[in-house]
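Here are the chains, one letter per residue:
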Amino acid sequence: MNTAMPKCFKKESKPSKFCPGCGHSIVLKMLGQVIDDLNIQKKSFFSIDIGCSLLAWDFFDVDTIQTHHGRTVPVAWGFKRANNKAVVIAYTGDGGGYAIGLQNLIYASLRQENITVIAVNNTVYAMTGGQAAPTTMPHEITDSTPNGDFTLERPFFGPETLSLVAEGTPYIARGSISNPLILKNYIKKAILHQQEGKGFSFVEALSICPTNWKTDAKKSFEFLKEMEKTYKLGELKGD
Ligand SMILES: Cc1ncc(C[n+]2csc(CCOP(=O)(O)OP(=O)(O)O)c2C)c(N)n1
Ligand code: SF4
Ligand SMILES: [Mg+2]
């Protein structure tokens, strides 16, 4: 695996603001490598949600906008409509994408907005301290469900839901940071789908949040494996 820093990352060295072991860093590194591989740094436009995803703004040497919580998708599609040649990537957490921002995601897929959305599923509202999210696993203990109750028996399945509602020819996949190269391939296919003008593309990335899960490295990846039993990996729509 290519372990070098992506060329589209800023040259000056800055201390990482992500917690040690955070899965966002792996997702973003894969995205950075895709931007390098496709040589799209100059024409990319990166729209980031409020959530731990916002910590990405210090890394990419790419035109970037910080949006309100849950609003990265409509900002991204608005930019794309005005700048058709741009490669527009909206980055969100599961809270931003599947709770407050869900209607935007649904309409982006219904309207076949030609943007790429990456949603990082770490089962919690990480930035605000680890409260339950739509993706919280059944009986998972979170900051707001300390006894593992009040979680949904059937959490929210983003890619599956979008596969049902999306019009046209979307690309929809779910990867995991447990296999960064497959995740990278899905992100690359999603962005190529956009560049070919085929419409909406979406990649969910299963990820880890050791800080809020209160897990060490071993336990974090054990929980990720549990998530992968609930959230099936693979491509749901597309070539
Ligand atoms: C309109 C609005 N509502 C609530 C918040 C508080 N808030 C900030 S980040 C966040 C949750 C982030 O969770 P998620 O989207 O899953 O991203 P993560 O931090 O887990 O990567 C919330 C609720 C806010 N900033 N703005
Ligand atoms: S709180 Fe969780 S998601 Fe946020 S930076 Fe720390 S490990 Fe990553
Ligand atoms: Mg989250």
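Note: the structure precedes this text.
Not measured: the values here are computed from a predicted model.

## A look at the overall build of the protein chain
Moving on, step 1. If you tally the helices and strands in the protein chain, you get eight helices and nine strands.
Moving on, step 2. Projected onto its principal axes, the C-alpha positions of the protein chain cover 50 × 40 × 30 Å.
Moving on, step 3. For the protein chain, with 239 residues in total, the buried portion stands at 54%.
Moving on, step 4. Of the contacts made within the protein chain by residues no fewer than 6 positions apart, 68% connect residues no fewer than 24 positions apart.
Moving on, step 5. Accessible surface for the protein chain amounts to roughly 10,800 Å². Of this, 57% is attributable to carbon and sulfur atoms.
Moving on, step 6. Distance between charge centroids for the protein chain: 6 Å, based on 26 positive and 23 negative side chains.

## Quick notes on the site of ligand 1
Moving on, step 1. For ligand 1, the set of nearby residues contains 16 residues, the closest of which are His24, Cys52, Asp94, Gly95 and Gly96.
Moving on, step 2. Between ligand 1 and Asn122, the relevant distance is 3.1 Å, taken from an oxygen atom to a side-chain nitrogen or oxygen of the residue.
Moving on, step 3. The separation between an oxygen atom of ligand 1 and a polar main-chain atom of Ala126 is 3.0 Å.
Moving on, step 4. Coverage of ligand 1 by the protein amounts to 73% of the 590 Å² it exposes when considered alone.
Moving on, step 5. Applying the majority rule of atoms within 2 Å of the grid points places ligand 1 in the second largest pocket.
Moving on, step 6. Counting only elements with at least two residues in the shell around ligand 1, the list comes to α3 (94-100) and β5 (124-125).
Moving on, step 7. For the shell around ligand 1, the leading source of residues is α3, giving four residues.
Moving on, step 8. Partitioning the shell around ligand 1 into residue classes produces seven nonpolar, eight polar and one charged.

## Remarks on the coordination of the magnesium ion (ligand 3)
Moving on, step 1. All of the protein donors around the magnesium ion (ligand 3) are Asp94 (OD), Asn122 (OD1) and Val124 (O); their distances to the metal are 2.1 to 2.2 Å.
Moving on, step 2. Expressed as a motif, the donor residue spacing for the magnesium ion (ligand 3) is D-x27-N-x1-V. With a gap of 30 residues between them, Asp94 in helix α3 and Val124 in strand β5 connect regions that are remote in the sequence. For the pair Asp94 and Val124, a shared accessibility class is recorded, and that class is buried.

## Some remarks on the layout of surface pockets
Moving on, step 1. Put simply, the largest pocket is a space of about 320 Å³.
Moving on, step 2. Forming the boundary of the largest pocket are 16 residues, of which Met5, Phe9, Lys10, Lys14 and Phe59 lie nearest the centre.
Moving on, step 3. Partitioning the lining of the largest pocket into residue classes produces seven nonpolar, three polar and six charged.
Moving on, step 4. A volume near 200 Å³ is recorded for the second largest pocket.
Moving on, step 5. In terms of lining, the second largest pocket is formed by 18 residues, of which the most central are Ile50, Gly51, Cys52, Ala126 and Met127.
Moving on, step 6. Listed by contribution, the elements that provide at least two residues to the lining of the second largest pocket are α3 and β5.

## Remarks on the site of ligand 2
Moving on, step 1. In the vicinity of ligand 2, the contacting residues are Phe18, Cys19, Cys22, His24, Cys52, Asn122, Ala126, Cys209, Pro210, Thr211 and Asn212.
Moving on, step 2. Residue contributions to the shell around ligand 2 peak at three residues, all from helix α7 (residues 210-213).
Moving on, step 3. Along the lines of polarity and charge, the residues of the shell around ligand 2 split into seven nonpolar, four polar and no charged.

## A word on the sheet that holds strand β3 (residues 87-93)
Moving on, step 1. In space, the seven strands of this open sheet follow the order β2-β1-β3-β4-β8-β7-β9, with mixed pairing throughout. The open sheet has two edge strands with one neighbour each: β2 (63-66) and β9 (234-237). If you compare each strand with its neighbour and ignore which way they point, the axes differ by 20° on average.
Moving on, step 2. Sheet analysis places strand β7 (residues 171-176) next to strand β8 (residues 201-206), joined by six bridges and oriented parallel.

Each value, and the rule that gives it
- Residues numbered from 1 in each chain as written.
- Chains lettered and ligands numbered in written order.
- Predicted model: local features only at pLDDT ≥ 70, side-chain atom pairs only at ≥ 80, totals over all residues.
- Heavy atoms only, no water.
- Helix = DSSP H or I, 4+ residues; strand = E, 2+ residues; numbered from the N terminus.
- Buried < 20%, exposed > 50% of the residue type's maximum accessible area, 1.4 Å probe, protein only.
- Contact = heavy atoms within 4.5 Å.
- Areas by Shrake-Rupley, 256 points an atom, 1.4 Å probe, with all protein chains shown as cover.
- Lys, Arg positive; Asp, Glu negative; His and termini not counted.
- Charge placed at Lys NZ, Arg CZ, Asp CG, Glu CD.
- Near = heavy atom within 4 Å.
- Polar contact = N/O pair within 3.5 Å; in protein donor to acceptor, adjacent residues only side chain to side chain.
- 1 Å grid on protein atoms, 1.4 Å probe; cavity = no way out; pocket = protein on both sides within 12 Å on 5 of 7 lines; lining within 4 Å.
- Sits in = over half its atoms within 2 Å of the grid points.
- Nonpolar A, V, L, I, M, F, W, Y, C, P; charged D, E, K, R; others polar.
- Donors = N, O, S within 2.8 Å, 3.2 Å for Na, K, Ca; no water.
- Points joined across faces, edges and corners; volume = space filled by probe spheres on them.
- Pairing = 2+ DSSP bridges.
- Axes fitted to C-alpha atoms, helices over the stretch in contact; angles between N-to-C directions.

Functional significance is not addressed by these values, which are geometric in nature.
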